[in-house]
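Architecture at a glance
Chain by chain, the residues run as shown.
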Protein chains: 2
Amino acid sequence: MKTAIIGLGLIGGSMAKDLRKANLASRLIGVDSNPEHSMMALELGLVDELLSMDEALASSDLVIVSIPVSAIQKVLPSILDQVNDHAVVLDAGSTKSLICEAVKKHPKRNQFVASHPIAGTENSGPTAAIEGLFQNKMNIICEREKSGEHALQVAEKVFKALGMKTTFMDSTGHDKHVAYVSHLSHVSSFLLGQTVLDIEKDEKNIFTLAGSGFASTVRLAKSSPDMWAPIFSQNATYLLKALEEYIAHLQRFKNHLVNNETEKLYDIMVQANEIRRVLGGIELNQQKTDEENKKVSIEK
Amino acid sequence: MKTAIIGLGLIGGSMAKDLRKANLASRLIGVDSNPEHSMMALELGLVDELLSMDEALASSDLVIVSIPVSAIQKVLPSILDQVNDHAVVLDAGSTKSLICEAVKKHPKRNQFVASHPIAGTENSGPTAAIEGLFQNKMNIICEREKSGEHALQVAEKVFKALGMKTTFMDSTGHDKHVAYVSHLSHVSSFLLGQTVLDIEKDEKNIFTLAGSGFASTVRLAKSSPDMWAPIFSQNATYLLKALEEYIAHLQRFKNHLVNNETEKLYDIMVQANEIRRVLGGIELNQQKTDEENKKVSIEK
């Protein structure tokens, strides 16, 4: 399959690596509005050639759109306008409602599969692309019923080649839940980073006193603003609700601290400890996916 | 050196492992108020024998107090009362002001070294003890001038054997800075965990949608309430200030989100990205410690 990757960053670049390795992409065409990123992606061998958007769309069987969500929302209709009648278009955006809304009446809507492969690191750009980024992770496809059979089959091949397990949701449900489980943790981390930098003007103290716990909690504060500002903005309604609840929890904790109610602080932490079981479940799930994938490849 | 470890959890147990390996402890005596933990520590070979507090103190050259900070504050005076005149007492508490205050007029104050070896994991109890936990991490000694020469020399040997680099601070400065760089990240993580658990009653959604970013940010929410409730309570003044600033940053972010000021969200994230440089510095620092330790061992 001749494959065009629109957006040669962490996600697009990592997909390129895995799709080439899985022999799914016979030729990889790169498109990026940033000429430096384009050149880097070519030099790194992520793609075989660089084309303009129009040229790339005219000659591809598969188009993967891995650019910031605001840009996906904007260019997706014209991408669908231009692709061949047999081509399949996938996106990799972390929000889904506005993206689906943008093409809901498009005559080629059935050639598009609205996807959210849940994977990433705090790094960005083509140099951040790594092999196996998606392995054993979850992919969400939204509004499955609006995609045609052929498009869904191609999407299935792509996400299987990436080592992902796909599940289906409606786009509103998706956006609501990722607000809590992904977007809120990014906000909490960005602002923890800012708070600490703000107060610890003398950075020596951060060097000296920060342990691995701080590094872990603040890791996401290194994430790309180009990617995350549009996500927060597109998912503002649900993120606001999540953020309000988070702030309310913090306020409650603060009040217990003011009133020296150590017992209540203790109870809150015992409740929060429940996350251990849930995270254990995530790891278990990933192991299962791992085993299933192994089984599949043995059965081949 | 006959060494008593008071508190056989993650910290005490991990110290026992490394001090034995470094041949610093000729005999390891365990003391723990929890009989289950005591038996486990003995079975795991963390300590050679279990004694009562009184027996242990009467026969030890080195006493390491690795229990919750509220318990340290409470029992430290009577520990100093009972130890031999040549014995050295170290603690491993994450707060220092109230602990130092508790023994500031004690006639044996010079036998005590107020320490904070900055290391840990989100796990607890004797089974969580691991070798090398402290390797290349920082140790803070507070109120150095109140410890005698012999006590400081023993402490130096202990922390070197653990692979740590020691730096000196006053206890107020210590408590103020750890409030931001360690305690606040624990609070932010505990409450992120609670917020998500609270809203995602159907845990399937957490299973499905949580990526590695969420797992990283919420990791500290698995930490022990027995350890952290007393830390938060002892460091309430500084933690409150840190928490208020964190909440103010979150509120500001929320307002920008409400007003659809994506540019401002973007600017905040660009500022927070600075943490990348700081965390890079932490890693660099650890490498340096690593190299220095190598040099020291070569020079031996």
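Residues numbered from 1 in each chain as written. Chains lettered and ligands numbered in written order. Predicted model: local features only at pLDDT ≥ 70, side-chain atom pairs only at ≥ 80, totals over all residues. Heavy atoms only, no water.

Time to look at the overall build of chain A. Counting its regular elements, chain A contains 13 helices and eight strands. For 300 residues, the compact-globule formula gives about 19 Å, and the C-alpha radius of gyration of chain A, at 21 Å, lands near that figure. With respect to the three principal axes, the spread of C-alpha positions in chain A is 65 × 40 × 40 Å. Taken across its 300 residues, chain A has 56% of its residues classed as buried. Summed over its atoms, the accessible surface of chain A is roughly 12300 Å², and 50% of this surface lies on carbon and sulfur atoms. (Helix = DSSP H or I, 4+ residues; strand = E, 2+ residues; numbered from the N terminus. Rg over C-alpha atoms; globule rule 2.2 N^0.38 Å. Buried < 20%, exposed > 50% of the residue type's maximum accessible area, 1.4 Å probe, protein only. Areas by Shrake-Rupley, 256 points an atom, 1.4 Å probe, with all protein chains shown as cover.)

With that settled, the discussion passes to the relation of the copies chain A and chain B. When chain A is fitted to chain B, the residual RMSD is 0.0 Å, and the transformation amounts to a turn of 180° plus an axial shift of 0.0 Å. The transformation relating the two chain copies, once decomposed into turn and shift, fits a two-fold axis. Taking C-alpha positions as reference, the residue of chain A nearest the rotation axis is Thr217 of chain A, located at 2.2 Å. Counting the interface residues of chain A, we find that 100% of their copies in chain B are interface residues as well, pointing to one common contact surface. (Least-squares fit on C-alpha atoms with pLDDT ≥ 70 in both. Contact = heavy atoms within 4.5 Å.)

With that out of the way, let us pick up the packing of helix H7 (residues 171-199) of chain B against helix H11 (residues 236-258) of chain B. Residue and element names in this part refer to chain B. Their axes nearest at 8 Å, the elements H7 and H11 cross at an angle of 50°. Put simply, H7 runs oblique to H11. Of the two elements, H7 crosses H11, and the hand of that crossing is right-handed. Here Thr172, Asp175, Lys176, Ala179, Tyr180, His183, Leu184, Val187 and Ser188 of H7 lie close against H11, whose contacting residues are Tyr238, Leu239, Lys241, Ala242, Leu243, Glu245 and Tyr246. Among the residues making up the contact of H7 with H11, the classes are represented as nine nonpolar, three polar and four charged. (Axes fitted to C-alpha atoms, helices over the stretch in contact; angles between N-to-C directions. Parallel < 35°, antiparallel > 145°, perpendicular 65-115°, else oblique. Left-handed = near helix turned anticlockwise from the far one by under 90°. Nonpolar A, V, L, I, M, F, W, Y, C, P; charged D, E, K, R; others polar.)

Attention shifts here to the state of the cysteines. All names here are of chain A. Inspection of every chain in the model, using the stated rule, returns zero disulfides over all chains. Left without a disulfide partner, Cys142 is nearest to the cysteine sulfur of Cys100, which lies 6.0 Å away. With relative accessibility at 0%, the residue Cys142 sits in the buried group. (Disulfide = S-S within 2.5 Å.)

Attention now goes to unusual backbone geometry. Within the chain, Asn23 of chain A stands out as a residue other than glycine whose phi angle is a positive 60°. Checked against the element boundaries, Asn23 of chain A lands in the loop between helix H1 (10-21) and strand E2 (27-31). Phi at Asn136 of chain B is positive, roughly 65°, even though this residue is not glycine. Along the chain, the position of Asn136 of chain B falls in the loop between strand E6 (112-117) and strand E7 (138-142). Of the residues examined, Asn136 of chain B reaches a relative accessible area of 14% and is grouped as buried.

Residues and elements named next belong to chain A. Taking 1.5 Å of rise per residue, the 29 residues of helix H7 (residues 171-199) would be expected to cover 42 Å, and the 40 Å separating its terminal C-alpha atoms lies within 8% of that figure. By the largest-angle criterion, Ala179 marks the main kink of H7, which is about 50°. With 25 of 29 residues buried, H7 lies mostly within the body of the structure. (Expected span 1.5 Å × (residues − 1). Bend = angle between axes of the 7 residues up to and from the residue.)

All names here are of chain A. With respect to the secondary-structure elements, Glu145 resides in the loop between strand E7 (138-142) and helix H6 (149-161). Since its relative accessible area comes to 64%, Glu145 is described here as exposed. Between the C-alpha atoms of Glu145 and Val113, which are 32 residues apart in sequence, the distance is 9.7 Å.

Across a sheet, strands are paired by hydrogen bonds formed along the backbone, either parallel or antiparallel in direction. All names here are of chain B. Here we have eight strands laid out as an open sheet, ordered E3-E2-E1-E4-E5-E6-E7-E8, and mixed in their pairing. Because the sheet does not close on itself, it has two edges, and the strands there are strand E3 (49-50) and strand E8 (165-169). Bridge count for E7 against E8 is five bridges, and the pairing is parallel. Its bridge partner lying in E8, Ile140 is registered against Thr167. Running over the sheet, H7 touches E6, E7 and E8 and is turned about 110° from E8. (Pairing = 2+ DSSP bridges.)

Taken together, the contact pairs 91 residues of chain A with 91 residues of chain B. Note on chain A versus chain B: buried area summed over both sides is about 8700 Å², and carbon and sulfur give 70% of it. In terms of surface lost to chain B, no three residues of chain A exceed Val181, Phe207 and Leu209 of chain A, which account for 8% of the buried area on that side. At the junction of chain A and chain B, the tally comes to 30 residue pairs in polar contact (both at pLDDT 80 or more). Per-element tally for the side of chain A that touches chain B: the top contributor is H7 of chain A, with 20 residues. (Buried area = accessible area lost by both parts, 1.4 Å probe. Polar contact = N/O pair within 3.5 Å; in protein donor to acceptor, adjacent residues only side chain to side chain.)

As a further point, take the pattern of salt bridges. All names here are of chain A. According to the stated counting rule, one finds 26 salt bridges over all chains in the structure shown. Between Lys104 and Glu101 there is a salt bridge, with its nearest N and O atoms 3.4 Å apart. Look at Glu101 and you get partly exposed, because its relative accessible area is 45%. Lys222 is paired through a salt bridge with Glu122; the nearest N and O atoms lie 3.5 Å apart. Residue Lys222 is located in the loop between helix H9 (212-217) and helix H10 (225-234), and its partner Glu122 is located in the loop between strand E6 (112-117) and E7; the two are separated by 100 residues in the primary sequence. Residue Glu122 is classed as buried on the basis of its relative accessible area of 12%. Among the charged side chains, a network of salt bridges with common partners joins Arg109, Glu143 and Lys146. (Salt bridge = Lys/Arg side-chain N within 4 Å of Asp/Glu carboxyl O.)

In terms of nonpolar packing, the biggest core is built from 124 residues, with Phe214 and Phe232 of chain A together with Phe214 and Phe232 of chain B touching the most fellow members. Excluding residues that lie within four positions of it along the chain, Phe232 of chain A makes contacts with His183, His186, Val187, Phe190 and Leu239 of chain A together with Phe253, Leu257, Leu265 and Met269 of chain B. (Core = buried A, V, L, I, M, F, W, Y, C linked by side-chain atoms within 4.5 Å.)

On to the environment of Ile5 of chain B. All names here are of chain B. Secondary-structure assignment places Ile5 in strand E1 (residues 2-6). Taking the relative accessible area as the measure of exposure, Ile5 reaches 0% and is therefore buried. The spatial distance from the C-alpha of Ile5 to the C-alpha of Glu131 is 16 Å, given a sequence separation of 126 residues.

Time to look at the sheet that holds E7 of chain A. All names here are of chain A. The strand order E3-E2-E1-E4-E5-E6-E7-E8 describes an open sheet built from eight strands, whose pairing is mixed. Every interior strand has two partners, whereas the edge strands, strand E3 (49-50) and strand E8 (165-169), have only one. Contacts from H7 reach E6, E7 and E8 within the one sheet, and its direction differs from that of E8 by about 110°.

Relative to the elements of secondary structure, Gln194 of chain B occurs in helix H7. Assessed through its relative accessible area of 8%, Gln194 of chain B is described here as buried. With near-sequence residues (within four places) excluded, Gln194 of chain B lies in contact with His249, Ile268, Gln271 and Ala272 of chain A.

Taken by themselves, the reported measurements are silent on function.
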